[in-house]
Amino acid sequence: MSPERAGQMVIFHSLVKAGNFTAAGKQLGVSTSHISKQLGALETALNVKLVQRTTRSFTLTEAGETYLHYCDHVVKAMQDGEAIMEDTRDEISGVLRLGISQSFGTMHLIPAIEQLQRHYPKLRVEISLFDHKADMIEDGLDLWITNYEHIPDGYVAQRLAETRFVVAASPEYLMHHPAPLHPKELTNHNCLTYQSRQRNYQSWSFKQHDKQLKIDVEGNYRVDLAEAVRDAAIAGWGIAYLATYLLTDEFKTNKLIQLLPEWQANQAMPFYAVYPSRAHLPKKISAVIGFFKDYIGDTPYWDIELRQHIAI
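As the structure is a prediction and not an experimental result, all values here were calculated from the model.

Rules behind the numbers
Here the residue numbers are simple positions, counted from 1 along each chain's written sequence. Local features in a predicted model are, by the rule used here, given only for residues with pLDDT of at least 70; side-chain atom pairs are given and counted only at 80 or more, and totals for whole chains, interfaces and linings are based on all residues. Side-chain calculation: all heavy atoms of the structure are included, whereas hydrogens and water are not. We call two strands paired when DSSP finds no fewer than two bridges between them. The numbering of helices and of strands both runs from the N terminus, where a helix is a DSSP run of H or I of at least 4 residues and a strand a run of E of at least 2. Here the axes come from fitting lines to C-alpha atoms, over the contacting stretch only for helices, and the angles between their N-to-C directions go from 0 to 180 degrees. The contact definition used throughout considers only heavy atoms, calling two residues in contact when any of these lie within 4.5 Å. Exposed residues in this analysis have more than 50% of their type's maximum accessible area, buried residues have under 20%, and partly exposed residues fall in between, with area computed by a 1.4 Å probe over protein chains only. Among the buried residues, those of types Ala, Val, Leu, Ile, Met, Phe, Trp, Tyr and Cys that are joined through side-chain atoms within 4.5 Å form a nonpolar core.

Trainee: Lay out the sheet that holds strand β3 (residues 94–101) with the relevant residues and their values.
Mentor: Adjacent strands of a sheet form backbone hydrogen bonds with each other and so pair up, either parallel or antiparallel. Spatial ordering of the open sheet is given by β4-β3-β5-β15-β6, a layout of five strands whose pairing is mixed. Where the open sheet ends on each side, the last strands, each with one partner, are β4 (123–130) and β6 (155–162). Sheet twist, expressed as the average angle between the axes of neighbouring strands with direction ignored, equals 20 degrees. With three bridges joining them, strand β5 (residues 143–146) and strand β15 (residues 270–276) adopt antiparallel strand pairing. In the strand pairing of β15, Trp 144 is matched with Val 274. Packing of helix α5 (residues 102–109) onto the sheet brings it into contact with β3, β4, β5 and β15, and relative to β3 it is tilted by some 120 degrees. Where helix α10 (residues 283–296) meets the sheet, its contacts fall on β3, β4, β5, β6 and β15, and the angle it forms with β6 comes to roughly 15 degrees.

Trainee: Account for the environment of Ile 151, with residues named and values stated.
Mentor: Considering the arrangement of structural elements, one finds Ile 151 in the loop between β5 and β6. Each C-alpha atom, one on Ile 151 and one on Glu 250, is 33 Å from the other, the two residues being 99 residues apart in sequence. Apart from the residues within four sequence positions on either side, Ile 151 is in contact with Thr 146, Ala 157 and Val 274.

Trainee: If you had to explain the pairing of strand β8 (residues 191–194) to someone new, which residues and values would you point to?
Mentor: If a strand is regular, its side chains alternate between the two faces of the sheet. Taking every second residue as pointing to the same face, both faces of β8 are buried, with Cys 191 and Thr 193 on one and Leu 192 and Tyr 194 on the other. Bridge count between β8 and strand β11 (residues 221–223): three bridges; the pairing is parallel. Note that in β11 the partner of Thr 193 across the bridge is Arg 222.

Trainee: I'd like to hear about the nonpolar core, residue by residue, with values.
Mentor: Ranked by size, the top nonpolar core spans 66 residues in total, and within it Leu 143, Ile 145, Leu 186, Phe 206, Leu 242, Tyr 245 and Phe 292 carry the most contacts. Among the elements that line this core, the one with the most residues is α10, at seven residues. Apart from the residues lying within four places of it in its own chain, the contact partners of Leu 186 are Pro 180, Cys 191, Trp 204, Phe 206, Ile 215, Val 217, Ile 239 and Leu 260. Judged by nonpolar contacts, the second largest core, of 19 residues, contains Phe 21, Ala 23, Cys 71 and Val 74.

What follows is the structure, given as structure tokens:
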């Protein structure tokens, strides 16, 4: 195989994975016209049509679907070869492009980056904070730390931490509204909820021994930033169902009061370290995942601190 043909296969593979010419060009650092020219040259050399183009997009032909399978092998072999060569060096080095869920990253992982770089001084970390579902190829990510429930095919997810929840309100709110004694009484309260384009947490889950309940709540405040739900609860706007990673000294300082402590708020929300599936996992990715696992701990450090003040 000629170097030119290998490059064209990479371009075709990147185009399909990125979904459009502009995103593929950004990922590869070339112009869209260069991608179009190389794709045309590849189709001419193979004497087949790989894609059907429209003004704004394209679809794969049957031949394109078949050829993509072989391009996958070529690209993965190149990636694995680069990773193996990188791993022959004694030190963890290079660039790691890291995407992190915004609230979790801001509160817990960004503060750990300085310590990470003390461990691996030749590693350069580039970070993106966001809460949407990532397209790791289009976004150019090596590693994605997320609590997104549905991991795309072709990716590996290692569990980093389990998130626990607690129901809480401020003393000010409870001065004017009787505290609920059962989860069903939440329907009589103003409940503050997280809602984004991809997620809606208006059904709160509870467990007590063998009893399990899901309560559909309502309120006058919905927001797509988890810290804003917490801050609204502290301000006395209503009752919140809060992930414990959002909390620091709120219960110790009586900014918040735990409600329904005899009921476990048992919404499942693990955090994962996600990366593209490949035969050889680069050492830098493995090292960063291991670092974050050790940093958080088997029982997350924030839960250990919270247990001194509330029941979780």
